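# Fold and geometry: a report
Each chain is listed here by its residues.
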Amino acid sequence: MSVLALERVSKRFDEVLAVDDLSFSVEPGTVFGFLGGNGAGKTTSLRMVLDIIRPTSGRIEVLGRAPGRANASQVGFLPEERGLYRQMTALDTIAYFGRLKGMTRSDARREGASLLDRFGLAANSRSSVDKLSKGMAQKVQLATAIVNRPKLLILDEPFSGLDPVNQGLLENEIRRMSADGATVVFSTHVMQHAERLCDRLLLLAKGAKRFEGTLEDARAELPARLELVARNDPSTLAGVVSAEDRGEAEPGWRRWDVRLSPGVAPGDVLERCVDEQFALRRFEQRHASLHDVFVHLVGHAETAR
Amino acid sequence: MTNILIIAAREFRQIAAMRSFWLTLLIIPLSMAIGGVTPKLVHKDEPDRVMVIDRSGGSEARAIAQRFALDHNRDVLTELSRYVQRRHLEGADRKALWSQHDRWYSDLDVARFIAAGGVASATARIDLVKQKDTPSYEAPLPDVEIVPVPASLAAQPDARLDEALKLVLKPAARDAKPVDYVVLIPTGFGASPLVRLWANRQPSQRVVGTIEDVLTRDLRTRYLSAQGMSARAALHASNIAPALSISTPPPGGGARESMLVRSILPLAIAYLLMISLTLSGSWMLQGTVEERSNKLLETVLACVSPEELMYGKLLGTAGIGLFMIAVWIGCALFAAYATQGAIADFIRPALAPLSSVGTIIAMIYFFVAGYVVIAILFLAIGAMSDSMRDAQGYLMPVLLMILLPISILMQAVLGGNTGGVLMEVLTWVPIWTPFAVLARLGLGIPTWEVIGSAILLAAFAALEIVLLGRLFRASLLAQGQRPSLAEVLSRMRAVPN
């Protein structure tokens, strides 16, 4: 059973179609990346999953149920725009959100204290939030999202505004939660984080799905590229779309940037080189980055938004 | 329901953690206590020192001294009578003057009181019947002390008195007691009405009035004698005074005062509702604005519904308001029953309406309903504002709209005015209903008006919860500029799907 499933979900704000006929599902234990530029509809989609706003049409299922506060005890959420009650202590803040997620007072405080200890804030548990540094407050915010050990953790642009130390801490927590069997859905427009963390990805542009699959699937969306060092021009080989001369590598040998036709595997080209005795000193397959895939699928205009 | 209570508890704790909350909470009891102590602080411990230089033979000086003594003894007797009345000690001697509270004590009464042994004799009898913990009667100190005229001053001719009295009225030595008033009765007093008075400050009406009264009577007596009336008849004519019988519903003055005292509690509840609502509503508003400006709402709304958030906030704020009221009422009850001062004398009869179950129910209903009706307005303002500056834009007109007519209403009630168009209008317009009905409860309001306005108020509260609840929900995550009136109305119409 999917932990999260959206079926033909749309959301319209007056004249603006923020989410357009979106369908996808997330399986248990997956780290699911929700990628898109600013205004792509990521936050709106996540808010609908959390029942903060309701879809105009379509169906959403969270942990086998309709979205709603009944799921709160099993869901963790870290919004993009984060804040805390400035006058509350760090521990009280975490315990408060734990209580709102159905935990008992003692469980919420115990788990809150344990998280603060793990994040190196045990000594600050009784400090009010306005006395914490920004980095410390970010850790407290993360703790409020995971205090209930959620089955489904939803993170909206979780890395934005985090210092490098806290980015590392968050990555570790995502991996830890995933290893413990939780499902993590996070939205981001920073492709490196998605590449490092996600099992599956969904690319969103102007509210509509442009791609869903694994990282490898995403890379396969772009034609493969090779870096060759050869005596002759490889553009004559079958399956090669173009070959760009990048200059001399050594006397008599030149470096080539080769683009293959869609669907042509680099191994097939290597086989042909051997069959045709095409002289090679170097044959290197270049993986497309997720950024390249994103630009390819979504377009420059979208990334620039 | 659990979430509502958790949110309410957090709201309560957040407000209770504010210094301004505790300062405000203590200001009212403190001001009441200061109000009780102030008369003692401002009361002069030292009596006014009066010197009478009587060059007409000494009879005028004696008459003035006797009159001050008589007035002081009248004060002593009057206070003793009030002491006996408040503590129901008439059983000590039902025939004694101090057991008769429905009269103005005449000069003759005072003379009889003194002749019967004065305070010493009265307190001896009272001590036999009063409870051990009942405080003893303490007679007021005299307002005036007659000081003798030094021989050196008596020998001074009238023309030099101005110079000679300078050091008497304002002595150079720091520890020397000044004489506050010096009265010169010239040799020819009677033939001429001229009397001179020196004072070291603005003369007190009571001192000057007494001196003037004594001398006026003497002048009248002299005049009547000169007209051929016998000296005895002339003296009698000058001293003729009415015997005043006074009806005194306990413990104050006339019937209107009694009504006012009984209306104090409902009026005070209306006033406290106004104060606690304004304060706790403002704190709640700050909290809601903080949640919006600190980007907290999305996190909260992932766990609770907007309705739970709204009800939790209302409950928490109402809790703060009721806590404030409870503390103030507790202080009042303490002052009423644990102290014996003027505050206690005022508060005890004011608690009289609590003997009526209907009044108690009405007071609680209108207080709670008033809280809901007004607090939800604050909440909606908070949900629409990104900053306190934004909120002030809505808050000031709303506060003025609520408080201005109420201030006028309370003045009218204190003035004993229970009727009029304004009173009726305020009673039937729901945002003013709680204040108007509470204020009118003590002075009398027809039962049908209480029930009718209560039903209207309940209907209005229900409608307000629906409409402002929609506005609250729709405004929580809305961003951008302050919504226009059209936008506000549109949010109220938006039915949550």
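## So, the overall build of chain A
Along its length, chain A carries ten helices and 13 strands. Burial analysis of chain A (305 residues in total) assigns 43% to the buried set. Considering only contacts in chain A between residues 6 or more positions apart, those separated by 24 or more positions represent 69%.

## Focus: the overall build of chain B
Per the secondary structure count, chain B includes 19 helices and four strands. Counting every position in chain B, which comprises 497 residues, the buried fraction comes to 31%. Taking as baseline every contact in chain B between residues at least 6 positions apart, the subset at least 24 positions apart corresponds to 74%.

## What about the environment of B:Asp143?
Residues and elements named next belong to chain B. By the secondary structure assignment, Asp143 is in the loop between helix 5 (118-129) and strand 2 (144-147). The exposure class of Asp143 is partly exposed, given the 17 C-beta atoms found within 10 Å. Spatially, the C-alpha atoms of Asp143 and Phe68 are 8.4 Å apart, while their sequence positions differ by 75 residues. When sequence neighbours within four positions are dropped, the list of residues in contact with Asp143 reads Pro47, Asp48, His72 and Arg206.

## As for the sheet that holds strand 9 (residues 208-213) of chain A
Residues and elements named next belong to chain A. The six strands lie next to each other as 5-6-7-3-8-9, forming an open sheet whose pairing is mixed. Looking at strand neighbours, the two that pair on one side only are strand 5 (75-78) and strand 9, the edges of this open sheet. Between one strand axis and the next, the sheet turns through 15° on average, direction left out of account. The sheet contact formed by strand 8 (residues 200-205) and strand 9 spans five bridges and is antiparallel.

## Description of the interface of chain A and chain B
Taken together, the contact pairs 20 residues of chain A with 17 residues of chain B. Residue contributions to the side of chain A that touches chain B peak at four residues, all from helix 2 (residues 90-100) of chain A. Residue composition of the side of chain A that touches chain B, by class: ten nonpolar, three polar and seven charged.

## Quick look at the confidence of the model for chain A
In this model, chain A carries an average pLDDT of 86, and 98% of its residues clear a pLDDT of 70 or more. Per-element confidence in chain A ranges from a low mean pLDDT of 47 for helix 10 (residues 300-304) of chain A to a high of 93 for helix 2 of chain A.

## Remarks on helix 14 (residues 357-384) of chain B
The terminal C-alpha atoms of helix 14 of chain B, which comprises 28 residues, lie 41 Å apart, in line with the 40 Å expected from a rise of 1.5 Å per residue. Taking burial as the measure, the 28 residues of helix 14 of chain B include 20 buried ones, the bulk of the element.

## Quick word on the sheet that holds strand 1 (residues 4-13) of chain A
All names here are of chain A. An order of 2-1-4 is seen for the three strands of this open sheet, with the pairing classed as antiparallel. The open sheet has two edge strands, strand 2 (16-26) and strand 4 (57-62), and neither has a second partner. The average undirected angle you get between the axes of adjacent strands in this sheet is 20°. Of the strand pairs in this sheet, strand 1 and strand 4 are connected by five bridges, and their pairing is antiparallel. Note on strand 4: the bridge partner recorded for Glu7 is Arg59.

## Thoughts on helix 4 (residues 134-146) of chain A
Counted at 1.5 Å a residue, the expected span for helix 4 of chain A with its 13 residues is 18 Å, and the 19 Å between its end C-alpha atoms agrees. Counting buried positions along helix 4 of chain A yields ten of 13 residues, so the element is predominantly enclosed. A:Ala137, A:Gln138, A:Lys139, A:Val140, A:Gln141, A:Leu142, A:Ala143, A:Thr144, A:Ala145 and A:Ile146 are the residues of helix 4 of chain A that are buried. Lining the buried residues of helix 4 of chain A we find strand 5, helix 2, helix 3 (105-118), strand 6 (152-156) and helix 5 (164-179) of chain A together with helix 11 (297-301) of chain B.

## Points about the nonpolar core
Nonpolar side chains in soluble globular proteins tend to be buried together. Core analysis: the largest hydrophobic core is formed by 145 residues, its most contacted members being A:Ile154, A:Val184, B:Ala375, B:Leu379, B:Ala380, B:Phe435 and B:Leu438. The element best represented in this core is helix 14 of chain B, accounting for 18 residues. If we ignore the near neighbours within four places in the chain, the residues touching B:Leu379 are B:Met284, B:Thr288, B:Met310, B:Lys313, B:Leu314 and B:Phe472. Counting residues in hydrophobic clusters, the runner-up holds 18 residues, among them B:Val50, B:Ile64, B:Val183 and B:Ile211.

## Here we look at the confidence of the model for chain B
Residues and elements named next belong to chain B. The share of residues in chain B with pLDDT of 70 or more is 85%, and the mean pLDDT across the chain is 80. Scored below 50 in pLDDT, residues 248-258 shows 15 contacts in the model against residues more than four places distant or in partner chains. Complex prediction metrics read pTM 0.68 and ipTM 0.79.

## A short note on unusual backbone geometry
All names here are of chain A. Phi angles above zero are rare outside glycine, and Glu157 is one such case at about 45°. Note that Glu157 resides in the loop between strand 6 and helix 5. On the neighbour-count criterion, Glu157 (23 C-beta atoms within 10 Å) is buried. Its identity is not glycine, yet Lys206 carries a phi of approximately 50°, on the positive side. Note on placement: Lys206 falls in the loop between strand 8 and strand 9.

## Points about the pairing of strand 10 (residues 225-230) of chain A
Residues and elements named next belong to chain A. Only one face of strand 10 is buried, namely the one carrying Leu226, Leu228 and Ala230, since none of Arg225, Glu227 and Val229 on the opposite face is buried. Both strand 10 and strand 12 (residues 253-260) contribute to a ladder of six bridges, which runs antiparallel. Bridge pairing in strand 12 links Arg225 to Arg259. Sheet analysis places strand 10 next to strand 13 (residues 280-286), joined by six bridges and oriented antiparallel. Looking across to strand 13, one finds that Glu227 is bridged to Glu284.

## Concerning the environment of B:His88
Inspection of the secondary structure assignment puts B:His88 in the loop between helix 3 (59-86) and helix 4 (107-115). In this structure the C-alpha to C-alpha distance between B:His88 and B:Ser99, which are eleven residues apart in sequence, comes to 9.2 Å.

## Some words on the packing of helix 14 of chain B against helix 17 (residues 433-441) of chain B
All names here are of chain B. Relative orientation of the contacting elements helix 14 and helix 17 amounts to 155°, with a least axis distance of 9 Å. With respect to helix 17, the element helix 14 is oriented roughly antiparallel. Here helix 14 and helix 17 pass one another in a crossing that is left-handed. For the pair helix 14 and helix 17, the contacting residues are Thr359, Ala362, Met363, Phe366, Phe367, Ala369 and Gly370 in the first and Pro434, Phe435, Val437, Leu438 and Leu441 in the second. Here the residues of the contact of helix 14 with helix 17 are counted per class, giving ten nonpolar, two polar and no charged.

## Some thoughts on the pairing of strand 12 of chain A
Residue and element names in this part refer to chain A. Note: strand 11 (residues 240-250) against strand 12, seven bridges, orientation antiparallel. Across the sheet, residue Glu250 finds its bridge partner in strand 12, namely Trp253. Taking the residues between adjacent antiparallel strands as the criterion, strand 11 and strand 12 are bridged by two residues, where Gly252 takes a positive phi near 90°.

## Let's talk about the packing of helix 18 (residues 447-476) of chain B against helix 19 (residues 485-493) of chain B
Residue and element names in this part refer to chain B. Where helix 18 contacts helix 19, the axes come no closer than 7 Å and their chain directions differ by 110°. By the criterion of interaxial angle, the relationship of helix 18 to helix 19 is roughly perpendicular. Side by side, helix 18 and helix 19 meet where Leu467, Arg470, Leu471, Ala474 and Ser475 of the first sit next to Val488, Arg491 and Met492 of the second. The class makeup of the residues in the contact of helix 18 with helix 19 is five nonpolar, one polar and two charged.

What counts as what
- Residues numbered from 1 in each chain as written.
- Chains lettered and ligands numbered in written order.
- Predicted model: local features only at pLDDT ≥ 70, side-chain atom pairs only at ≥ 80, totals over all residues.
- Helix = DSSP H or I, 4+ residues; strand = E, 2+ residues; numbered from the N terminus.
- Buried ≥ 20, exposed ≤ 12 C-beta atoms within 10 Å, placed from the backbone.
- Contact = placed C-beta atoms within 7 Å.
- Pairing = 2+ DSSP bridges.
- Axes fitted to C-alpha atoms, helices over the stretch in contact; angles between N-to-C directions.
- Nonpolar A, V, L, I, M, F, W, Y, C, P; charged D, E, K, R; others polar.
- pLDDT = per-residue confidence, 0-100.
- Expected span 1.5 Å × (residues − 1).
- Core = buried A, V, L, I, M, F, W, Y, C linked by C-beta atoms within 7 Å.
- Parallel < 35°, antiparallel > 145°, perpendicular 65-115°, else oblique.
- Left-handed = near helix turned anticlockwise from the far one by under 90°.

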